[in-house]
Amino acid sequence: MAKRPQLTGRAAILAVVVCAIAMSLAYPVREYISLRRSISELRAEKARVEAEKQSLLARDRQSDDPNWIKKTAKERLHYCGPGEKCYVVMEPEQGKQQTAVKQQAAVPPWYETLWESVEAADKGTGRRAVTGKESVGQ
């Protein structure tokens, strides 16, 4: 008796049809998953924007309160009401001290740095010329 072949013509056609269906469904499934991810990201962003909107609305309602307006004017703008005595305590010359500290040493021109390094190499001292970056660290 002759053995029947393992793969018949019908089985080969069935395999090709199944592969074709799988390949034709791959792209739509991928798009579906991508769109679901996009929808979830948009929902999260919507929730964030809604929370921000609620906080802004609460702040707007707060600004309608005349007591809040007076308190804010006193704190931020140093306003005084009629009959009140207001004092502002200022630090003594703090701004001038900070600017003196922040000034850096003047950086010598590039040709002076080059000449100093040439002289150091000529004398054999091996000392490098000081550049602006190194003088700041010292």
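What counts as what
Residues numbered from 1 in each chain as written. Predicted model: local features only at pLDDT ≥ 70, side-chain atom pairs only at ≥ 80, totals over all residues. Heavy atoms only, no water. Helix = DSSP H or I, 4+ residues; strand = E, 2+ residues; numbered from the N terminus. Expected span 1.5 Å × (residues − 1). Phe/Tyr/Trp six-rings, centres within 6.5 Å; stacked < 30°, edge-to-face > 60°. Buried < 20%, exposed > 50% of the residue type's maximum accessible area, 1.4 Å probe, protein only. Disulfide = S-S within 2.5 Å. Patch = residues over 30% accessible without salt bridge, like charges linked within 9 Å, V, L, I, M, F, W, Y side chains within 5 Å. Areas by Shrake-Rupley, 256 points an atom, 1.4 Å probe, with all protein chains shown as cover. Salt bridge = Lys/Arg side-chain N within 4 Å of Asp/Glu carboxyl O. Lys, Arg positive; Asp, Glu negative; His and termini not counted. Charge placed at Lys NZ, Arg CZ, Asp CG, Glu CD. Contact = heavy atoms within 4.5 Å.

*Asks:* Just give me the short version of helix H4 (residues 110-123), but keep the residues and values in it.
*Replies:* For H4, with 14 residues, the first-to-last C-alpha span of 20 Å sits near the 20 Å given by 1.5 Å per residue. Following H4 by one or two positions, Gly124 adopts a phi angle in the positive range, close to 80°.

*Asks:* Could you give an account of the packing of aromatic side chains, with specific residues and numbers?
*Replies:* Enumeration over the complete set of coordinates arrives at one aromatic pair. Between Trp110 and Tyr111, the ring centres sit 5.9 Å apart and the planes meet at 80°, which makes this aromatic pair edge-to-face. Here Trp110 falls in the exposed class, since its relative accessible area comes to 66%.

*Asks:* For the state of the cysteines, give the residues involved together with the corresponding values.
*Replies:* This structure, assessed with the given rule, holds one disulfide. Disulfide partner of Cys80: Cys86, at an S-S distance of 1.7 Å.

*Asks:* Explain a negative patch on the surface residue by residue, including any values.
*Replies:* Among the surface-exposed residues, Glu112, Glu116, Glu119 and Asp122 lie close enough to one another that they form a single negatively charged patch. By relative accessible area, Glu116 is classed as partly exposed at 34%.

*Asks:* Report on a nonpolar patch on the surface, specifying residues and quantitative values.
*Replies:* A cluster of nonpolar side chains, Ile13, Val17, Ile21, Leu25, Val29, Tyr32 and Ile33, forms an exposed patch at the surface whose accessible area comes to about 680 Å². Position of Val17 among the secondary structure elements: in helix H1 (residues 9-63).

*Asks:* Explain the pattern of salt bridges to me, and be specific about the residues and the numbers.
*Replies:* Summed over the entire model, instances satisfying the criterion amount to three salt bridges. For Arg48, the salt bridge goes to Glu52, with nearest N and O atoms at 3.7 Å. Taken together, the positions of Arg48 and Glu52, both in helix H1 and four residues apart, correspond to about one turn of that helix. By relative accessible area, which is 48% here, Arg48 ends up partly exposed. A salt bridge links Glu84 to Lys74, with the nearest nitrogen and oxygen atoms 2.9 Å apart.

*Asks:* An account of the environment of Lys74 is requested, with residue identities and associated values reported.
*Replies:* Here Lys74 is to be found in helix H2 (residues 66-77). Residues Lys74 and Cys86, 12 residues apart in the sequence, show an inter-C-alpha distance of 9.3 Å. Those residues in contact with Lys74 that lie beyond four places of it in its chain are Tyr79 and Glu84.

Honestly, that's just the spatial picture; any functional story needs more than this.
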